[in-house]
Each structure stands twice: as structure tokens, then as C-alpha cells.
Amino acid sequence: MDAKSRFRYLSDKIPESIRVNLREDILTRQRPIGGAFLELHGTQNKELYQYLFDGHSTYIYEQSGERPSIIVGRKGSGKTTYLNSLTFKKNVIGIPIPQWQAIGEVQQIIAKLLDAGIDIRAERASYIWQWIFLSAVILKCSDKVCADATLKEFYDLLPVKEFRDLGISAVTTFAKNKILNFVGNDIGAEHKELASVAWLLQDKTQALDSLEQRLSKVLHKKKLTAIILFDNEEDVLDEGGATPNVQLAKIIALKGLLNLAGRMNEGAKNVQLRYCIPAEQFFAFKELAKNPIKDFGSLRLLHWTVGELLSIVAHRFLLHLLIWKEEKPEYQRLVQYPIYTRKGALDFFDEILPNKITNGRGIAEKTRTYFLRHFQILPRQIITLLNEVLSLSIQY
């Protein structure tokens, strides 16, 4: 049997402190295989969640050298988990940006520019996004990149204190306020701080591209990659009673974001973007794109097979049994299955559940077949379902 197909923690090398935390916080008696939602924030220990991620197919996520800028997946397919998994990679600096706030702020910027009679289309809007993303990276990585004089000069024009206090929201708010101020002001000594956003309105976007290249080279020398993590907002396309001008501003903002996704991740390889889009709205986004072939040229579809989903369940349940194994004698038997293969995962599934179940028509059928008929090949569904089943069936 291929050793790679066996449970990854077969040798039981999980530190005791991790075992205790997994028992208390994640693989509990109520949720034996962990939660169906995985959003990292605050003081959560990412190391704990890595033990769960280890059971995910490497194909589903990214192989070495892959740099998709757009991630498409259905609700429950694991888009947020996908983004969080990137933060576990060695030498990766993940920078999450709240989509609802960023889109709202960029929308306000564009609406104001339109009101001022300034022509702004998708490409120009993309540079507003690029400015926000680069500012976020430079602020986040200031201790690593500001030895470069040009990056330090740009950094000094940014809201450094506010970023320390408020995080990434300080960047979007700063961009909005300064660009709106710029509309009615000439740049002089008294408006020095406006210089950092002047490029966006003075056709100096090439300078912004050069700044990105410079930032990427500095990160490359340090063997680091900064990735902007832009999770999806399910109702971002809803009009919500907005006035025509405000709605137009939102459309231009989204067009600009897609335009940036089409050209990012190519030249400056150490500054990257991952933008998640709900599959249910994919074609609506595609209609917005200025150039669909280019804008969606770097796309990854989150799609799971039955075998991959059952491998997730098997991995998580074996991890549960391992950290509780003093009370779970079945661990030694179940750990023999090659759970990272389709057949091994299916056999494991048959072992931990009854062979047959009575369906709604009163007919007995194989439990595996019944379950696979009733969920839509999404990790959120199968994890929620089997947490309920296993929490009721396991004898503590």
C-alpha cells in the first residue's frame, strides 16, 4: 500500500498542546469532524486548522507555480477555506480585504468623480483597486520592504498609524478621502499627502505599474509572496434601491476589479490577487467584464469529486479518533484504510456507518448511495450532515 494514501498522522506526532486545543476548540464531541465554516480571524490559532487542511486534495487548491487571480465556486464549495489555506503556505503573507467595505468605498470614489465630470472607465477604475492593494501590501510588509527608498517614500504618504489601529479598512477609507479631496485641490506643499493618490487621476498609471514591479522584486529577494485575499460577497450585484449614478459607479468599480484580475499575477509574481466569485453569479460577472477572455484568463474552478469529499470526512474523523483515542479503540482498525484514494475513502465510509438505511419511501438502500444522492457535492453539506450523524452515533 502506498504510504501517501494512509492517514498523515499515523505516527502520532501531534504535540500534546495541539491535541488538547483540537479537542477543546475544533474536533469536539458535538462536532467530531470540525465546523463546516472555516473563517480565520482574531486570535484563532491557524496551526490548529492546518491539521484539517491536510486532508484536502492538493489539486483542489494550488500546485507550485499556479497563480489564479479569480476563484469561482458555489456556495459551500470552500472559497473562504481556499483563501485561508494560502496563509499556511511557507513564505506567503496573506492580506485579507473585506469586500463589502472595499467595493463600497471604491463605489463612492467613482460616484464622486462622475459627479465632478471626470471620465472614469474600467481600466482607470482598475488602477484605483491596484493602488489600494499595493498600499495594503506596503503597509503590511513595511518592515520587509521599506529599505527600498522608493517604497519608503510611498509608505510615508500612507495612513501608517491608522493602519496599525484599524487594519486594512484604514487603506480604503484613506484612498476614498484623499481622492475626493484631490478632485477639488491642486497638489502643493500643504497637500503633500494627496501625492500618493495623484497618479490615479493624472494619467500616471505606468508609475503605479512600476511601483508594483519594484515591490515584487524586493519581496522576491526575500523569498516572500504577498497575496491579497478578496473573499466574495454573495449579494454584491444587488442594486438595493441605489440611484442610477450610484449603481453605475458600482458597475464601473466591479469592471475595474475584473480588469485588474486579468492583468495581475503575471508580471509582478510576488504581489498577487485571489478574488472569489460565487458560481451562481459567474455569468453576470462575465457580462460585466470589459474583455471576458482576458479578465477571466487566470481562473480556478472549485469543484469536488465524491472521492475527495469522502477523503475529507475520513481524514477529519481519523484525526478526531486520534486525539480522543484513549476512548476510541476503533482508531487502530480504521487507520489502516488508504483514505486519500477514492476506493479507500468509500470503504472507510462504509465501515463507519450502517450498511443500509431506510429511505423516505420505506425502501432499504445502501447508506453511501443514499447520502450521495442527497447532497450536492459540496464540503459544507457533507460536513454538516456527518457531524450530526457521527455525534449521535459515537459512544463516549
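Heads up: the structure comes first, above all this text.
Quantities reported herein were computed from a predicted structural model and do not represent experimental measurements.

Draft legend 1. Up close: the overall build of the chain. Looking only at helices and strands, one finds 19 helices and seven strands in the chain. Among the 396 residues that make up the chain, the fraction classed as buried is 53%. Pairs at least 24 residues apart make up 75% of the contacts formed inside the chain by residues separated by at least 6 positions. Carbon together with sulfur atoms contributes 50% to the accessible area of the chain, which is approximately 18,800 Å² in total.

Draft legend 2. Local environment of the pairing of strand 1 (residues 70–73). With burial as the criterion, each face of strand 1 is covered, one bearing Ile70 and Val72 and the other bearing Ile71 and Gly73. As paired strands, strand 1 and strand 4 (residues 271–278) are joined by four bridges and run parallel to one another. The partner of Val72 across the bridge, within strand 4, is Ile277. Pairing analysis gives three bridges linking strand 1 to strand 5 (residues 299–301), with the strands arranged parallel. Bridging across to strand 5, Val72 finds its partner in Leu301.

Draft legend 3. Summary view of the packing of aromatic side chains. Counted according to the given criterion, the structure contains twelve aromatic pairs. Taken together, a centroid distance of 5.8 Å and an interplanar angle of 75° make the contact between Phe7 and Tyr9 edge-to-face. For Phe7, a relative accessible area of 3% translates into the label buried. Taking the relative accessible area as the measure of exposure, Tyr9 reaches 13% and is therefore buried.

Draft legend 4. Representation of the sheet that holds strand 4 in the model. The strand order 2-3-4-1-5 describes an open sheet built from five strands, whose pairing is parallel. Among the strands making up the open sheet, the edge pair consists of strand 2 (92–96) and strand 5. Across the sheet, the mean angle from the axis of one strand to that of its neighbour is 25°, orientation sign disregarded. By the bridge criterion, five bridges tie strand 2 to strand 3 (residues 225–230) in an arrangement that is parallel. Looking at strand 3, one finds that Val92 is bridged to Thr225. Against the sheet, helix 3 (residues 79–86) makes contact with strand 1, strand 2, strand 3, strand 4 and strand 5, and its axis sits at roughly 165° relative to strand 4, the strand it touches most.

Draft legend 5. Broad picture of the nonpolar core. Counting residues in hydrophobic clusters, the biggest one holds 67 residues, and the most contacted among them are Trp129 and Phe133. When residues of this core are assigned to their parent elements, the largest contribution, twelve residues, is made by helix 5 (residues 122–140). Once residues within four sequence positions are removed from consideration, Phe133 is found in contact with Ile97, Ile228, Leu257, Leu260, Met264 and Leu273. Counting residues in hydrophobic clusters, the runner-up holds 43 residues, among them Leu309, Phe317, Phe348 and Ile352.

Draft legend 6. Geometry of the state of the cysteines. Enumeration over the complete set of coordinates arrives at zero disulfides. Note on Cys141: no disulfide assigned, nearest cysteine sulfur contributed by Cys146 at a separation of 9.4 Å. Residue Cys141 is classed as buried on the basis of its relative accessible area, which comes to 0%.

Reading guide: rules and limits
Residues numbered from 1 in each chain as written. Predicted model: local features only at pLDDT ≥ 70, side-chain atom pairs only at ≥ 80, totals over all residues. Heavy atoms only, no water. Helix = DSSP H or I, 4+ residues; strand = E, 2+ residues; numbered from the N terminus. Buried < 20%, exposed > 50% of the residue type's maximum accessible area, 1.4 Å probe, protein only. Contact = heavy atoms within 4.5 Å. Areas by Shrake-Rupley, 256 points an atom, 1.4 Å probe, with all protein chains shown as cover. Pairing = 2+ DSSP bridges. Phe/Tyr/Trp six-rings, centres within 6.5 Å; stacked < 30°, edge-to-face > 60°. Axes fitted to C-alpha atoms, helices over the stretch in contact; angles between N-to-C directions. Core = buried A, V, L, I, M, F, W, Y, C linked by side-chain atoms within 4.5 Å. Disulfide = S-S within 2.5 Å.

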